[in-house]
Amino acid sequence: MDVIIVLLLSGFIFNLYSQIPDGYEKGLDFINESDILNSISFLASDELKGRASGSEGNLEAARFIAKKFYDAGLAPFQQGRGFIPITDNDEEDEVPPVKPKENVNPSFYDKYFQRFFITESKIDKDRSGLEIVKYFNGTSKCYYYKAGKDFIVSYKSQRGLTLHAPIVFVGYGIDKGENNYNDYIDIDGNEIDVKDKIVIMIEGFPQENDSASEFSKSKNILYKNARKKVEVALEKGAIAVLMAQSSLRHNPPFLVKFENLANAFEKSEFGLPELKTKESIPLVYISGEIIRDLFKGSNKNLTEILEKIDNDLKPSAFTFTDAKIKLGINFDIDLISTQNVIGFIEGADPILKNEYVVFGAHYDHVGLGFYGAMDKKNTGQIHNGADDNASGTSGLVELAEAFAKSKSRRSVIFIAFSGEENGILGSRYYTHQNPFKKIENTIAMINLDMIGRNEKELVWIGGIFYSEDLKKIVQEANTNIGFELLYNVGLLNFASDQGPFIRKHIPSLFFFSGLHDEYHTPEDDIERIDFNKTERITKLAYLSGWILANQDEKPKYREATMDEKIILVKESLNRQRKYRPEEKKQSN
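Summarised in this report is the structure supplied together with it. (Residues numbered from 1 in each chain as written. Predicted model: local features only at pLDDT ≥ 70, side-chain atom pairs only at ≥ 80, totals over all residues. Heavy atoms only, no water.)

A tally of helices and strands in the chain yields 17 helices and 18 strands. Relative to the compact-globule value of 25 Å for 588 residues, the chain shows a C-alpha radius of gyration of 28 Å, a close match. By principal-axis analysis of the C-alpha atoms, the chain measures approximately 85 × 70 × 45 Å. Summarising the internal contacts of the chain: among those between residues at least 6 apart in sequence, 84% fall at separations of at least 24. With an accessible surface of roughly 26,500 Å², the chain has 50% of that area assigned to carbon and sulfur atoms. When the 73 positive and 88 negative side-chain charges of the chain are each reduced to one mean point, those points stand 2 Å apart. (Helix = DSSP H or I, 4+ residues; strand = E, 2+ residues; numbered from the N terminus. Rg over C-alpha atoms; globule rule 2.2 N^0.38 Å. Contact = heavy atoms within 4.5 Å. Areas by Shrake-Rupley, 256 points an atom, 1.4 Å probe, with all protein chains shown as cover. Lys, Arg positive; Asp, Glu negative; His and termini not counted. Charge placed at Lys NZ, Arg CZ, Asp CG, Glu CD.)

A few words now on the pattern of salt bridges. Taken as a whole, this structure holds 31 salt bridges when the rule is applied. The partner of Glu231 in a salt bridge is Lys228, with the nearest N and O atoms 3.9 Å apart. In this pair, Glu231 and Lys228 both sit in helix α6 (residues 226-235), three residues apart, roughly one turn of the helix. Looking at Lys228, the relative accessible area reads 32%, which means it is partly exposed. Between Arg558 and Glu468 there is a salt bridge, with the nearest N and O atoms lying 3.7 Å from each other. With a gap of 90 residues between them, Arg558 in the loop between α15 (531-550) and α16 (562-577) and Glu468 in helix α13 (residues 468-478) connect regions that are remote in the sequence. Overall, Arg558 belongs to the partly exposed group, its relative accessible area being 36%. (Salt bridge = Lys/Arg side-chain N within 4 Å of Asp/Glu carboxyl O. Buried < 20%, exposed > 50% of the residue type's maximum accessible area, 1.4 Å probe, protein only.)

So, on to the pairing of strand β6 (residues 161-169). In terms of strand pairing, β6 meets strand β11 (residues 318-329) through eight bridges, oriented antiparallel. Directly across from Leu161, in β11, lies its bridge partner Ile329. Pairing analysis gives three bridges linking β6 to strand β7 (residues 198-202), with the strands arranged parallel. Each bridged residue has a counterpart across the sheet, and for Ile167 the counterpart in β7 is Ile198. (Pairing = 2+ DSSP bridges.)

Let's shift gears to the nonpolar core. In this structure, Val341, Phe414, Ile461, Phe511, Leu540 and Tyr542 are the most contacted members of the largest nonpolar core, which totals 71 residues. A per-element tally of this core places α15 first, with ten residues. Apart from the residues lying within four places of it in its own chain, the contact partners of Phe414 are Phe69, Leu74, Val341, Ile342, Gly343, Ile345, Phe359, Leu396, Leu399, Ala400 and Phe403. (Core = buried A, V, L, I, M, F, W, Y, C linked by side-chain atoms within 4.5 Å.)

In the structure shown here, the tally under the stated rule is 34 aromatic pairs. Note on Tyr70 and Tyr109: the rings are 5.7 Å apart at their centroids and 65 degrees apart in plane angle, and the pair reads as edge-to-face. Linking Tyr70 in helix α4 (residues 56-72) with Tyr109 in the loop between β1 (75-76) and β2 (113-123), this pair joins segments that are 39 residues apart in sequence. When the ring of Phe258 is compared with that of Tyr285, the centres are 5.0 Å apart and the planes differ by 45 degrees; the resulting orientation is tilted. You can see Phe258 sitting in the loop between α7 (254-257) and α8 (259-265) and its partner Tyr285 sitting in strand β10 (residues 283-286), a full 27 residues away along the chain. Across the pair, exposure class does not vary: Phe258 and Tyr285 are buried alike. (Phe/Tyr/Trp six-rings, centres within 6.5 Å; stacked < 30°, edge-to-face > 60°.)

With that settled, the discussion passes to the environment of Asn378. Along the polypeptide, Asn378 turns up in the loop between β13 (356-362) and α11 (386-405). Apart from the residues within four sequence positions on either side, Asn378 is in contact with Leu368, His383 and Pro522.

In sheet architecture, strand pairing relies on hydrogen bonds along the backbone and comes in two forms, parallel and antiparallel. The eight strands lie next to each other as β4-β3-β11-β6-β7-β8-β10-β5, forming an open sheet whose pairing is mixed. The open sheet terminates on both sides in strands that have one partner only, identified here as β4 (139-146) and β5 (151-154). Strand-to-strand twist of the sheet, defined as the mean angle between neighbouring strand axes without regard to direction, takes the value 30 degrees. Against the sheet, helix α9 (residues 288-295) makes contact with β3 (129-136), β4, β5, β6, β7, β8 (240-244), β10 and β11, and its axis sits at roughly 20 degrees relative to β3, the strand it touches most. (Axes fitted to C-alpha atoms, helices over the stretch in contact; angles between N-to-C directions.)

Let us now look at helix α3 (residues 33-43). Buried residues of α3: Ile36, Ser39, Ile40 and Leu43, and no others. The arc that holds every buried residue of α3, seen down its axis, measures 95 degrees, which confines them to one face. Looking at the buried side of α3, the elements it contacts are α4, α11 and α15. One side-chain oxygen of the residue at the start of α3 lies 3.1 Å from the amide nitrogen of Ser34, identifying that residue as Asn32. (Arc of directions from axis to C-beta. Polar contact = N/O pair within 3.5 Å; in protein donor to acceptor, adjacent residues only side chain to side chain.)

With that settled, the discussion passes to unusual backbone geometry. Cis geometry is found at the peptide bond from Asp388 to Asn389, where omega equals 0 degrees. Looking at the element boundaries, Asn389 is found in helix α11. Here the phi dihedral of Leu313 falls at roughly 50 degrees; this positive angle occurs in a residue that is not glycine. Among the secondary structure elements, Leu313 is positioned in the loop between α10 (302-312) and β11.

Attention now goes to the side chain of Ser45. Mapped onto the elements of the fold, Ser45 is located in the loop between α3 and α4. Take Ser45: its relative accessible area is 13%, and that puts it in the buried class. Leave out the neighbours within four places in its chain, and Ser45 touches Ile40 and Asn384.

This part is about the pairing of β8. Taken across its five residues, β8 has five buried, putting it largely inside the fold. What you see with β8 is no split at all: Ala240, Leu242 and Ala244 on one side and Val241 and Met243 on the other are buried throughout. In terms of strand pairing, β7 meets β8 through five bridges, oriented parallel. When the bridges of β8 are listed, Met201 appears paired with Met243. The pairing of β8 with β10 spans three bridges and is classified as parallel. Of the residues in β10, the one forming a bridge with Met243 is Tyr285.

The next subject is α6. Looking at α6, one finds that the buried residues are Ala226, Lys229, Val230, Val232 and Ala233. All buried residues of α6 fall inside an arc of 160 degrees around its axis, so they share one side. On its buried face, α6 sits against β7, β8 and β10. The N-cap of α6, judged by a side-chain oxygen 2.8 Å from the amide nitrogen of Arg227 a few residues on, is Asn225. Immediately beyond the C-terminal end of α6, within one or two residues, lies Gly237, with a positive phi of roughly 100 degrees.

The next subject is the packing of α4 against α11. Remark: α4 packs on α11, axes separated minimally by 9 Å, with the N-to-C direction vectors making an angle of 15 degrees. When the axis of α4 is compared with that of α11, the two are roughly parallel. Our pair here, α4 against α11, has a crossing hand that is right-handed. Contacts between α4 and α11 pair Ile65, Lys68, Phe69 and Ala72 from the former with Thr393, Leu396, Val397, Ala400, Glu401 and Ala404 from the latter. Looking at the contact of α4 with α11 residue by residue, the classes come out as seven nonpolar, one polar and two charged. (Parallel < 35°, antiparallel > 145°, perpendicular 65-115°, else oblique. Left-handed = near helix turned anticlockwise from the far one by under 90°. Nonpolar A, V, L, I, M, F, W, Y, C, P; charged D, E, K, R; others polar.)

Below, the structure is given as structure tokens:
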């Protein structure tokens, strides 16, 4: 009897999330591929030159979307309506936003804009340097080194930094190694203090040349990942990490070995001026000349220290008593003004209208490929981004028009995000700093990003790992559409505009038709778009959103267990192979 009750109750709970409320038909019929074609034709045209954040093409795209919102009867975002205090604080500091200046040539449709700044920063090599100060009998001698020649820096702060501090050698920078190995222990067995000091460590791990050693056989990511070593040093209070090459290896010239890293570190970093990133410290890769000068006159020999560690696995951390380091890092920083485009439809229910479903899609792309291009050889060419993400933006416009045809019980917010290609900055700005309505009253978010390519039958659904309720909702919506639903999109769960919402524990859906060879290349053009598939995915998003905006219940946020995630991924990959015979052959 109890089993029957449980089964009946389970079916009842499923039905709460499985019925499409009445009233959706009119809006569904309004979504059509002809309108999608027209929107993508404009957004992915050469005239907009890739819609890079802050560009004229980006502004023209924003006004195109704003006009669509206006024509559909959506209420606009009201800039200057006051900052809405945010009480929770997860991984970023949340402070009132800086208000950008009004556009010198305003348009009637600019009232839909939520303007914000993006910072673009690059390390200024000419104004950054490293200096070793050696002390001898009351006198000192300085050794100077140039950024980009003698050392390279990875530092995400975007804020200038000047350090003058003692130096501590900590071997390979490992604190939890095989058989309790710990590089933060001195020869007397005491933990060494690195608080407010600069630590110097060696790449790799002990006994690296011995493939049979426990270290070589271990899969401990700390042994090979410099970033993880920096995190350990930061936790212990260090203010910078100098990473040196092992003298037990035959190393290529410094600039040859670190050419790829140097190119990566010298690229522009993008951020929001009002938001602080997670606490970080500089990671400085130093040349052999710097390490030789540092050990010179110290009565210590790096090669002998490393050989001793290899032989007896006893760390020997120590402080350089006769030397300090000065490190100065400066940035060139530009402010880029751009805008999200926001429209609003108030709900019909007097109570539920104070809860919100957010639909989103980013309309920016990588412009001429000076950032984001898959191949540097394409820099300077127009990257039209027809699939990424003119397709999702065209779907967003259709959704706004569809919901305007028949009012839902909950209110609906439509956001065309800018700054996604710069690091999902538009959605981070919205969720962390300037939500249109109270972020805690947002019950769900639906994002469309790249919905126009690959197999007609397949669509990836992200966000399911964080809400089983959304999985049931999209499955019910799909009974009217007929896709083969594939769940999870790996790291992309947090690499598009649903990411900041998920981090706020807001259940979110991510509709995605998959990557392709033209991703972030000049070949991502309108001729390759499957307009019928784009229409069907948009309708699937509409029906999913209609359920969310009309049912009594709110979807719950719950992260799936690892076992649940593995099952979902395996099932999805198996279904995908039915449509990709070549992958099925390779897996056998």
